[in-house]
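So the chains spell out like this:
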Amino acid sequence: RVKDQQGDSIVKSDKKVLKNATLFCTVEDCVNTYLDKIKENNIEASILVTMDNFNKNENLEQINNEVNKYKDLEALINKYSNNTHICYVTNKNEKICRKNQKYLVKTDKILNNNTFITLKNSIESGDIYYVEKNADVKNIKILINSIIYKDLDIISLSRMLSEERD
């Protein structure tokens, strides 16, 4: 955890969390890359959703990533799934996330084809990985296998944060 200028905690990773790592991405990025791999391997993951792609039947954890219709999406998440009250902080949504008192999450472990080797070679418990849409499926699969090889479980953001608070 790091404190920002407002004194709020932003979770970037937590080395106190035992034997876990987290993967997440936007729905658009996931659909064409690794969503099928996640589901076929029964891996917990979190997906950032907007009004355009929220799915009331989705089994993966859905995190509000809407800016313009934030409250509308919040109502849908409350109605159809478990609202984790997590916000992946970006320049576009930081104010609304703070206003709604969400758990703030940000990571510098962003998986794409340029960062793959560095990330694969520096896996640690408590890491939070954001998967970008241009990440090669082969590299995602290798990263997942490398995390598992290190005897780490891949869990959702909410589980990572709840274990951190316990």
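What counts and what doesn't
Residues numbered from 1 in each chain as written. Predicted model: local features only at pLDDT ≥ 70, side-chain atom pairs only at ≥ 80, totals over all residues. Heavy atoms only, no water. Buried < 20%, exposed > 50% of the residue type's maximum accessible area, 1.4 Å probe, protein only. Helix = DSSP H or I, 4+ residues; strand = E, 2+ residues; numbered from the N terminus. Pairing = 2+ DSSP bridges. Disulfide = S-S within 2.5 Å. Salt bridge = Lys/Arg side-chain N within 4 Å of Asp/Glu carboxyl O. Expected span 1.5 Å × (residues − 1). Arc of directions from axis to C-beta. Polar contact = N/O pair within 3.5 Å; in protein donor to acceptor, adjacent residues only side chain to side chain.

1. Here we look at the pairing of strand E9 (residues 128-131)
Strand residues, when the strand is regular, have side chains that alternate between the two faces of the sheet.
Consideration 1: Alternating positions in E9 separate into two faces, Ile128 and Tyr130 on one and Tyr129 and Val131 on the other, with burial throughout.
Consideration 2: Pairing of strand E3 (residues 20-26) with E9 involves three bridges; the strand directions are parallel. Residue pairing in the sheet places threonine 22 in a bridge with isoleucine 128 of E9.
Consideration 3: Relative to E9, strand E8 (residues 109-111) runs parallel, the two being bridged by three bridges. From the neighbouring strand, leucine 111 faces E9, where its bridge partner is valine 131.

2. Notes on the state of the cysteines
Consideration 1: The full count for this structure, using the stated rule, is one disulfide.
Consideration 2: The side chain of cysteine 87 participates in a disulfide bridge whose partner is cysteine 97; the two sulfur atoms lie 1.6 Å from each other. A residue pair is termed long-range when its members are at least 10 positions apart, and cysteine 87 in strand E6 (residues 86-88) and cysteine 97 in helix H4 (residues 94-99) qualify at ten residues.
Consideration 3: By relative accessible area, cysteine 97 is classed as buried at 0%.

3. Comments concerning the pattern of salt bridges
Consideration 1: Enumeration over the complete set of coordinates arrives at four salt bridges.
Consideration 2: Here glutamate 94 and arginine 98 are joined by a salt bridge, their closest N and O atoms 2.7 Å apart. Placement of the pair is glutamate 94 and arginine 98 together in helix H4, with a separation of four residues, close to one helical turn.
Consideration 3: Between lysine 109 and aspartate 127 there is a salt bridge; the shortest N-O distance is 3.6 Å. Taken together, the positions of lysine 109 in strand E8 and aspartate 127 in the loop between helix H5 (116-120) and E9 put the pair 18 residues apart, joining distant regions of the chain. Side by side, lysine 109 and aspartate 127 carry an identical accessibility label, which is buried.

4. With respect to the pairing of strand E4 (residues 46-49)
Consideration 1: Residue alternation in E4 divides its side chains into two sets, Ser46 and Leu48 and Ile47 and Val49, and both sets are buried.
Consideration 2: One ladder, built from three bridges, connects E3 with E4; its direction is parallel. The residue of E4 that forms the bridge with phenylalanine 24 is serine 46.
Consideration 3: Across four bridges, E4 lies against strand E5 (residues 61-64) in parallel orientation. Bridge assignment links leucine 48 to a residue of E5, and that residue is isoleucine 63.

5. Notes on helix H6 (residues 137-149)
At 3.6 residues per turn, the α-helix brings residues three or four places apart onto the same side.
Consideration 1: Taking 1.5 Å as the rise per residue, H6 with 13 residues should run 18 Å; its terminal C-alpha atoms sit 18 Å apart, in good agreement.
Consideration 2: The set of residues buried in H6 consists of Asn139, Ile140, Leu143, Ile144, Ser146 and Ile147. Burial along H6 is one-sided: seen end-on, the buried residues are contained in an arc of 160°. Away from its buried face by more than 90 degrees, H6 exposes Lys138 and Tyr149.
Consideration 3: Residue aspartate 136 occupies the N-cap position of H6, its side-chain oxygen lying 2.7 Å from the main-chain nitrogen of lysine 138.

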